[in-house]
Every structure is written in C-alpha cells, then in structure tokens.
Amino acid sequence: MALSRVCWARSAVWGSAVTPGHFVTRRLQLGRSGLAWGAPRLFDLPCRSSKLHLSPKADVKNLMSYVVTKTKAINGKYHRFLGRHFPRFYVLYTIFMKGIISIPPFANYLVFLLMYLFPRQLLIRHFWTPKQQTDFLDIYHAFRKQSHPEIISYLEKVIPLISDAGLRWRLTDLCTKIQRGTHPAIHDILALRECFSNHPLGMNQLQALHVKALSRAMLLTSYLPPPLLRHRLKTHTTVIHQLDKALAKLGIGQLTAQEVKSACYLRGLNSTHIGEDRCRTWLGEWLQISCSLKEAELSLLLHNVVLLSTNYLGTRR
C-alpha cells in the first residue's frame, strides 16, 4: 500500500500517465532479472518517453574512465614485473619516469629497448657493466684526445705575441717536448703562469677556435657562441680548482682506488688502463700545480688537461 502511494506521488510530479500497477510490475520484473533493490536509478523513474536518451559527453567520460582504469592496471603489472625481474633497471626506470619527460604507457617498452641498444648514450655510468665502463671511457677519451694536437698548435701560434723573450722560449720548449712524446715536469708548467694570466693566453683573451678545442678536451659541447663557451670553461675550471684545494687538504691517501681513477679521468687522464699507484702519482702532480695557481691563472689549469696528460706513461697513441 505504501509503495502504491509513492508511485502515485511520482506520477503526479512527473505528469506521467503511468499507473501504479504498471510501475510495481516493472519493479518486480527488474528484481527477477537480477537487479538489486535499492534507490531508483534513471531508468526506474517514469518518464514521458519509453526511449532512453544518453548524453554524448557522458559516453565519452565513461570511455575515458574505462581507459584510465585499464591503463593503471597494466602499468601496475608492468612495474611489478620490472621490480621482480630487472631490479637495477627498475631503479633507473622509476627515476626517469618521475623526471620532466612524460611518455605514454605503451612507450615504456620502447624506452627499455633503446636503453638496451644504446647504454652509453642513455644510461648513467652507475648502470654500466665493468667492461662497458672501460670501453665507454676509452671512447670518450678518444673524443677529447682528438683536440690535443689542435690545442698545442694554437699555443705555438701565439708564441710570437708574447712580449717576454724568456717566456717565449719556455713555451716553445714545452710544446716541443709534448710533440716529441715527453712528459713535462711540474716546474716547466708553472714557469709559464704569467703567459696564461693575461694576453694572449688569459681566459678572456683566448680565440674562438681555441675555446672550441678546449671545450672538446673537457667533454663539453662546442656548438655554442664563443662568449658562452668561455663562460662555461671558466666556471668548469673554477669548480675543479676548488675541488683540488679541498682534495689537497683531505689528502689523496683518503681516496679509494676508484675515487682516484675517477678524479684523474675528470682532469684529463685516461686512468682506465693505468695502475692505482701511477694514478695517485699523477694526481699529486696535478694538485701541486693547481694549488700553486691563482684565480687569474686558471687558464693554465685548463690547458693542463692537455699538457700534463698527453704523454704520461706512454698514454699518447
């Protein structure tokens, strides 16, 4: 009886001619078909037309919701798979996905394939195998070593521009020794401090092509305007100079073998094929030169990447 009154009330509000008996019968039919009793839904309400009209916006919204749900489920399975079977790659993958690059979920597999095919370009050194570390560091050193003869040539070209005759002779002698395969002594390099503090070899007086060659020797891009390249070289050299001072206070003996080799490689020496003791000796020579230089003489420290590393223990090939 109560249900019948409710039905009559709905009919009055909606202006429908549907009878309560018809509505009750419809509710019972729905109940028998397996739908649960509860709050009436859209199709439960009597309306003037027997046809159901859905909004296109509602259809699109439902479709998008379905796609998002399925994508999240697939992504979850993919993350669990990587975590179980490729834990090292999963660490890199999560870091990459949290970065500034956003890619569709279906492209994850492409990223994995590209990292497998191009590990040197796409993976950081932490994820290289020991053999890959040796091979890839050799490749990078070969890139920067290509600019060494060019840098020595630029030094020879500016010798006539040096006003002091003694400095001209010392720089000529140093370039000749390096070209003949001799490793220079520390005093041979420090004797040229004045040449690299002002014209023509001061940091701000270097020619554009000279700056580009030095950028390649430091494994920095050379495809930028010369003023920007000069600024980057100055900043990079200043950071190394500050690290050298801190390392000198700490002491080379406090470094592990891997840390020593990494420090030497950063400063221009291909330490992958040199023993630990020899690397420590070379790093000591570098620190002795670096800690003797003032800020205005950092151009000499920058050129030291070539001067001190080219012929050390027959590394010139």
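Report follows, based on the coordinates. Within each chain, residues carry numbers counting from 1 in the order of the written sequence. Local features in a predicted model are, by the rule used here, given only for residues with pLDDT of at least 70; side-chain atom pairs are given and counted only at 80 or more, and totals for whole chains, interfaces and linings are based on all residues. In computing side-chain properties, one takes all heavy atoms of the structure into account and sets aside hydrogens as well as water.

**Examining the pattern of salt bridges**
A carboxyl oxygen of Asp or Glu within 4 Å of a side-chain nitrogen of Lys or Arg is what we treat as a salt bridge. Counted according to the given criterion, the structure contains six salt bridges. Between Asp188 and Lys177 there is a salt bridge, with the nearest N and O atoms lying 3.1 Å from each other. Pair noted here: Asp188 is in helix α10 (residues 186-190) and Lys177 is in helix α9 (residues 165-179), with a separation of 11 residues, a long-range link. Its relative accessible area of 15% is what places Asp188 among the buried residues. Glu276 serves as the salt-bridge partner of Arg280, at 2.8 Å between the closest nitrogen and oxygen. Taken as a pair, Arg280 and Glu276 lie in helix α14 (residues 276-290) at a separation of four residues, close to a single helical turn. Only protein chains enter the accessibility calculation, which uses a 1.4 Å probe; a residue whose area is less than 20% of its type maximum is buried, one above 50% is exposed, and one in between is partly exposed. On the basis of relative accessibility, which here comes to 33%, the residue Glu276 falls in the partly exposed class. Among the ionic contacts, a cluster of salt bridges with common partners joins Asp173, Lys177 and Asp188. Going along the chain from the N terminus, every DSSP run of H or I of four or more residues is numbered as a helix, and every run of E of two or more is numbered as a strand.

**Side note on the nonpolar core**
The term nonpolar core refers to a set of buried residues drawn from Ala, Val, Leu, Ile, Met, Phe, Trp, Tyr and Cys, joined through side-chain atoms within 4.5 Å. The biggest cluster of nonpolar side chains holds 54 residues, and the ones touching the most others in it are Leu201, Leu283, Trp286 and Leu307. Taken together, the elements giving at least two residues each to this core come down to α8 (148-158), α9, α10, α11 (208-217), α12 (226-250), α13 (257-266), α14 and α15 (298-307). With seven residues, α15 is the largest single contributor of residues to this core. Here a residue-residue contact requires only that any non-hydrogen atoms of the pair lie within 4.5 Å. Once residues within four sequence positions are removed from consideration, Leu307 is found in contact with Ile152, Leu155, Leu174, Ile178, Pro184, Ile189 and Leu300.

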